[in-house]
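Descriptive analysis of the structure
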Amino acid sequence: MPSASSPSTWLRVTGRPSWLSDPKVLRTEVLGGLVVALALIPEAISFSVIAGVDPAVGLFASFTMAVTIAVVGGRPAMISAATGAVALVIAPLNREHGFGHLVAAVILAGVFQIVLGALGVAKLMRFVPRSVMVGFVNSLAILIFMAQVPEMTDVPWPVYPLIAAGLAMMVFFPKLTTVVPAPLVSIVILTVITVAAGIAVPTVGDKGDLPSSLPVPGLPDVPFTVDTLTTVAPYAFAMALVGLMESLMTAKLVDDITDTRSSKTRESVGQGVANIVTGFFGGMGGCAMIGQTMINVRVSGARTRLSTFLAGAFLMVLCVVFGPIVSDIPMAALVAVMVMVSVATFDWHSIAPKTLRRMPLGETVVMLVTVVCVVATHNLAVGVVVGSVSAMVVFARRVARLAEVTAVTDPDGGTVVYRVTGELFFASSNELVGRFSYATDPDRVVIDLSAAHVWDASSVAALDAVETKYAQRGKTVEIVGLNEPSARIHKTLSGELTGS
C-alpha cells in the first residue's frame, strides 16, 4: 500500500482517489488542508490590505480559488488563493476606478488565462533553465521570511519566545510522531498557552474582521461599455501573465518534490476558470501560493486534490463558524510556521562552497540575478523573466565561442579549404566574416560546414558576405558539407537578405 508521500497516492490504478480507501492518506489530506487554511487567513487579510479592499474580499477569493482549482486544476495538492503579486497588479485599478472595475478585471484575467492556456503558453516552461528555477526557489524562501519580519519587529517581548517555541515543536515533534502535522500541533499549543495565560500578543483578529457569512454570486458593478473594457484590459492581462507564471513555476516545483508530472495546460486553463468564478463571487482573484503549497506538500505531506479543496472549505468554516476562536490564534504561531517553510524551501545545496566551486560561473550568476530581481521587486514573474533572459545571454556567449575556423591549403596552392566547426547563429556568425584571408587566399576557396550547423538568417547573411568579399577579388567560393536543415535554410535565404 503506498504511503501518504508516495507519488501514486493521489490516484490508484483503479481510478479511485487513494483517500477513499486509505485512512492514512485521508488523515494526511484533511490535516494538511486544515493547517493551510489556518495559514491562509492572515495572509489573505494582508493581501486585501495591499489591494485596498475589505479583508472579506481576500478571504472569499482564497476560498473560491482553492475550491475551484481543486476540481479544474492540473496539479494535485497545489494551493491557489489570493496572492500578493496579484494584489500589487490590481491595487492601482481599485484605487483609481473602484471595486467594480477590480472585479471586472479579475473575470477578464480569467478569460485571458483560458485563452493563453489553450494557445499552449504552458509549453514555454521548457525554456526556464535550472539555474533560474533554483533562483526562483531561493528568492521565494527569502520573500517568505521577509514577509514575517514585520510580525517580529516592534512587538511585545513574549512574541519571541513563542516563535522560538513554535520552531522547536516543529523540529522535534516529528521525531515523536508524524500522525498529526507538527505545524498544527504548534498552532494549537501556542494558542492555548496565550489564551490560558492571558498573554497580550498580536493575534489573527488584529489583522481584520473575519466574514460572518458565505459569499454570494453577482455581476461586477460597472457599465458594460468599450470604455470599461479598455480600462480594465491592461490590468487584467498583467494579472493573467503574473498569475500564470507563478502558478506554472509552482506546479513545476511540486512536480520535482513529488516526482510526478502534471498537466501545465490544464493548470493554465484551470487558473482562468478559478479566477472567473472568484470574480463572480466578488473576490480579488489570485494564483498558486508557493508558501502554502510548501506547507501542504512538503511539511504536511499532502498529495491529492482533497487537501486543496479542504483548505478552501476549512477556511470558510473557520471564518464563519469558528471566527472568535481563530481570531485568538497568536500571529507568532503562524510566523513560526512560515519561517520553517522558508528554511525548508531554500535550496541550501545551491550555495554550499563545494557546489559553487564546481558550478560554472555563468550558472551561479544567473541564479543570483534571479534572486536579486525577485527580492528587489517582490515580483517572482520579473525575476523569472530577467533570469531566463540572462541565462540565454550566458548560453549564447558560451556556444558562440565553440565555433572555430581552420584553414588548410592544397599542396599545389590553388585551393584553400576552410573547415568550420560548431554552431552558427547570430552570436557566433557575427565574427565569422573576419576569420578568412580574402587578400592572400588562392583563387578557389572551399568552406566545409560538415561539422557545423546553420541555425538562423544571421549565419546565412554572414556566409553571403564571405562569398561577396571573395567575389570582389575575382575568387570563387564553394560551400560544402551542409546537413539537411542547414542546406534548407541556406537555400531559402541565401542572396535574399541584402535587398539588392
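Here is what the cut-offs are and how they apply
- Residues numbered from 1 in each chain as written.
- Predicted model: local features only at pLDDT ≥ 70, side-chain atom pairs only at ≥ 80, totals over all residues.
- Heavy atoms only, no water.
- Helix = DSSP H or I, 4+ residues; strand = E, 2+ residues; numbered from the N terminus.
- Buried < 20%, exposed > 50% of the residue type's maximum accessible area, 1.4 Å probe, protein only.
- Contact = heavy atoms within 4.5 Å.
- Areas by Shrake-Rupley, 256 points an atom, 1.4 Å probe, with all protein chains shown as cover.
- Lys, Arg positive; Asp, Glu negative; His and termini not counted.
- Charge placed at Lys NZ, Arg CZ, Asp CG, Glu CD.
- Phe/Tyr/Trp six-rings, centres within 6.5 Å; stacked < 30°, edge-to-face > 60°.
- Lys NZ or Arg CZ within 6 Å of the ring centre and 35° of its normal.
- Pairing = 2+ DSSP bridges.
- Right-handed = clockwise from strand over helix to strand, strands pointing away.
- pLDDT = per-residue confidence, 0-100.
- Disulfide = S-S within 2.5 Å.
- Axes fitted to C-alpha atoms, helices over the stretch in contact; angles between N-to-C directions.
- Core = buried A, V, L, I, M, F, W, Y, C linked by side-chain atoms within 4.5 Å.

The subject of this paragraph is the overall build of the protein chain. Each helix and strand counted, the protein chain has 19 helices and six strands in total. Judged by the C-alpha coordinates and their principal axes, the protein chain covers about 100 × 60 × 55 Å. Here the protein chain, with 500 residues, has 53% of them falling under the buried criterion. Taking contacts inside the protein chain between residues at least 6 apart in sequence as the whole, the part at least 24 apart equals 83%. When the accessible surface of the protein chain is summed, it comes to about 22,200 Å², and 66% of that surface belongs to carbon and sulfur atoms. Computing the positive centroid from 32 side-chain charges and the negative centroid from 33, the protein chain places the two 9 Å apart.

Before going further, it helps to examine the packing of aromatic side chains. The relation between two aromatic rings is expressed through the spacing of the ring centres and the mutual angle of the planes. Scanning all chains against the criterion turns up seven aromatic pairs. An angle of 45 degrees between the planes, with centres 4.6 Å apart, marks the rings of F346 and W348 as tilted. The buried category is assigned to F346, whose relative accessible area is 14%. Each member of the aromatic cluster is reached from another via a ring pair, and the members are Y418, F436, Y438 and Y470. Looking at K469, its charged tip hangs above the ring of Y438, at a distance of 5.9 Å from the centre.

Bringing the pairing of strand 5 (residues 444–454) into the picture now. Consecutive side chains of a regular strand alternate in pointing toward one face of the sheet and then the other. Judged by how many residues are buried, strand 5 sits mostly within the fold: eight of 11 residues are covered. Here strand 4 (residues 415–424) runs beside strand 5; their pairing, made up of nine bridges, is parallel. Bridging from a neighbouring strand, T415 pairs with R444 of strand 5. Bridge count between strand 5 and strand 6 (residues 476–480): five bridges; the pairing is parallel. Among the inter-strand pairings, R444 is bridged to a residue of strand 6, identified as T476. The β-α-β motif built from strand 5, the intervening helix 18 (residues 457–471) and the parallel element strand 6 has right-handed crossover chirality.

We now examine the confidence of the model for the protein chain. For the protein chain, the mean per-residue pLDDT works out to 86, and 96% of the residues sit at or above 70. Low pLDDT (under 50) marks residues 1–14, which in the prediction has 31 contacts with non-local residues, meaning those over four places away or in another chain.

Relative to strand 4, strand 3 (residues 404–409) is paired through six bridges, and the arrangement is antiparallel. The partner of T409 across the bridge, within strand 4, is V416.

Another aspect to go through is the state of the cysteines. Enumeration according to the criterion identifies zero disulfides in this entry. Note on C287: no disulfide assigned, nearest cysteine sulfur contributed by C373 at a separation of 19 Å. C287 sits in the buried class, given a relative accessible area of 0%. Here C319 is not disulfide-linked; the sulfur of C287 is the nearest cysteine sulfur, at 20 Å. Residue C319 is classed as buried on the basis of its relative accessible area of 3%.

Let's shift gears to the sheet that holds strand 6. Across the sheet, which stays open at both edges, the four strands sit in the order 3-4-5-6 with mixed pairing between neighbours. Each having just a single partner strand, strand 3 and strand 6 make up the two edges of the open sheet. The sheet shows a mean angle of 20 degrees between the axes of neighbouring strands, taken without regard to direction. Across the face of the sheet, helix 18 comes into contact with strand 4, strand 5 and strand 6 while running at roughly 175 degrees to strand 5.

Core analysis: the biggest nonpolar cluster contains 103 residues, and I41, L59, F136, M284, I295 and L315 have the highest contact counts within it. Here the element with the most residues in this core is helix 1 (residues 23–51); it accounts for 12 residues. Setting aside chain neighbours within four positions, we find L59 in contact with I41, A44, I45, S48, L210, P211, L315, M316 and C319.

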